Amino acid sequence: MTVDHDGKIRMDCSSPYAMARLVGLKDKYQVAFANDPDSDRHGIVTPSSGLMNPNHYLAVAIRYLLAHRPMWPANAVVGKTLVSSSMIDRVVTKLGRRVSEVPVGFKWFVPGLFDGSCCFGGEESAGASFLRFDGSVWTTDKDGPIMDLLAAEITAHTGKDPGEHYCELTAEFGTPYYTRIDAPATPEQKAKLRRLSPEAVKEANLAGEPICRPSDTRARE
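Residues take numbers from 1 onward in each chain, read along the sequence in its written order. The model is predicted, so local features are restricted to residues of pLDDT at least 70 and side-chain atom pairs to those at 80 or more, both for listing and for counting; the totals for chains, interfaces and linings are taken over all residues. Calculated side-chain values reflect all of the structure's heavy atoms, with hydrogen atoms and water omitted.

(A) Focus on helix 5 (residues 144-158). Helix and strand definitions here come from DSSP, where helices need a minimum of 4 consecutive H or I residues and strands a minimum of 2 consecutive E residues; each element is numbered from the N-terminal end. Expected helix span is taken as 1.5 Å per residue step, with the number of steps being one fewer than the number of residues. The end-to-end C-alpha separation of helix 5 is 21 Å, in line with the 21 Å expected for 15 residues at 1.5 Å each. Accessible area is worked out with a 1.4 Å probe on protein chains only. A residue is then buried under 20% of its type maximum, exposed over 50%, and partly exposed in between. Along helix 5, the positions that sit buried rather than exposed are G144, I146, M147, D148, L150, A151, I154 and T155. Among the structural elements, strand 1 (32-35), strand 2 (42-46), helix 2 (54-68), strand 6 (118-123), strand 7 (127-130) and helix 6 (162-173) are those in contact with the buried residues of helix 5. For this analysis, a polar contact is any N or O atom pair within 3.5 Å, provided that within protein one partner can donate a hydrogen and the other can accept it, and provided that sequence-adjacent residues contribute only side-chain to side-chain pairs. Of the residues that open helix 5, the one with a side-chain oxygen 3.2 Å from the backbone nitrogen of I146 is D143. Any pair of residues with heavy atoms lying within 4.5 Å of one another is described as a contacting pair.

(B) A look at the sheet that holds strand 2. Strands were regarded as paired on the criterion that DSSP finds at least two bridges between them. Taken in spatial order, the three strands make up an open sheet running 1-2-3, and their pairing is antiparallel. Of all strands in the sheet, those bounded by a partner on one side alone are strand 1 and strand 3 (50-51). Bridging between strand 2 and strand 3 involves two bridges; their strand directions are antiparallel. Bridge pairing in strand 3 places V45 opposite L51. Each of strand 1 and strand 2 touches helix 5; the most contacted strand, strand 2, lies at about 20 degrees to it. Axis geometry follows a simple rule: fit a line to the C-alpha atoms, using only the stretch in contact for helices, then measure angles between N-to-C directions, giving values from 0 to 180 degrees.

(C) Examining unusual backbone geometry more closely. The backbone of S39 sits at a positive phi, close to 55 degrees, despite the residue not being glycine. Structurally, the position occupied by S39 is in the loop between strand 1 and strand 2. Even without being a glycine, A126 presents a positive backbone phi close to 75 degrees. Of note, A126 is situated in the loop between strand 6 and strand 7. Given the relative accessible area of 0%, A126 is considered buried.

(D) Region of the structure containing the pattern of salt bridges. By convention in these notes, a salt bridge is any Lys or Arg side-chain nitrogen within 4 Å of a carboxyl oxygen on Asp or Glu. Scanning the model with the defined rule gives 12 salt bridges in all. Taking the shortest distance from any N to any O, the salt bridge between K26 and D27 comes out at 3.1 Å. Classification of D27 by relative accessible area gives exposed; the value is 61%. Between K80 and E101 there is a salt bridge whose closest N-O contact spans 3.6 Å. Within this pair, whereas K80 is found in strand 4 (residues 77-81), its partner E101 is found in strand 5 (residues 99-102), the two being separated by 21 residues in sequence. Given the relative accessible area of 3%, K80 is considered buried.

(E) Up close: a positive patch on the surface. Each patch is built from salt-bridge-free residues with over 30% relative accessible area, joining like charges within 9 Å and nonpolar side chains (Val, Leu, Ile, Met, Phe, Trp, Tyr) within 5 Å. The Shrake-Rupley method, run with a 1.4 Å probe sphere, supplies the accessible areas, and residue values consider only the shown protein chains as cover. Residues counted as positive are Lys and Arg, residues counted as negative are Asp and Glu, and His and the chain ends are not counted. Where a charge lies is defined by one atom per residue type, namely NZ (Lys), CZ (Arg), CG (Asp) and CD (Glu). The grouping of K190, K192, R194 and R195 at the surface amounts to a positive patch. As for its position among the elements, R194 is in helix 7 (residues 187-194). You can call R194 exposed: its relative accessible area is 66%.

Just geometry here; none of it tells us what the structure is for.
Listed below in structure tokens is the structure:
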């Protein structure tokens, strides 16, 4: 295990620093992957792109699954957290499906995955799950290994690795830009955040999107 960008040991399968040894194998295999210690997150490495950004892989996985799972309910939504890439919205809309955008936390996908009304749920921190071939529930928690095996299925079935598929998406829909910034917080700052109320948020929009309460979040075209 290599250390993360700050010299700390961090089991982050989205970090190219922590995943450096696996990234070093990218030219030896058609696809390589790893999970964190509790196997609920995925890290996908391909010859074309190295370690894939989780947002990029989610978009590729969704496009492939919606085209290759004919027994899934036609009205089942695709779930994404509000911090996940807008590329997902573009892919889902192009395929005639609906996106259900929810607050951060995989728990918001559980009811839909359980009853089959949500065919896929994913978050930008590399956690995702989806239904069985017949549209029934597989799991209501994040499942890293099925996302790994899906990368192998995509590569074997299409002859192109997931990184190559993402290049096709950017050619069609443009290139969204994303970065994740981790900032330290003191105990006092954390306590203040815990006490934060909706009334303290004075802005109505963020990055061109309306700020909503969780109860206002719903599936949208």
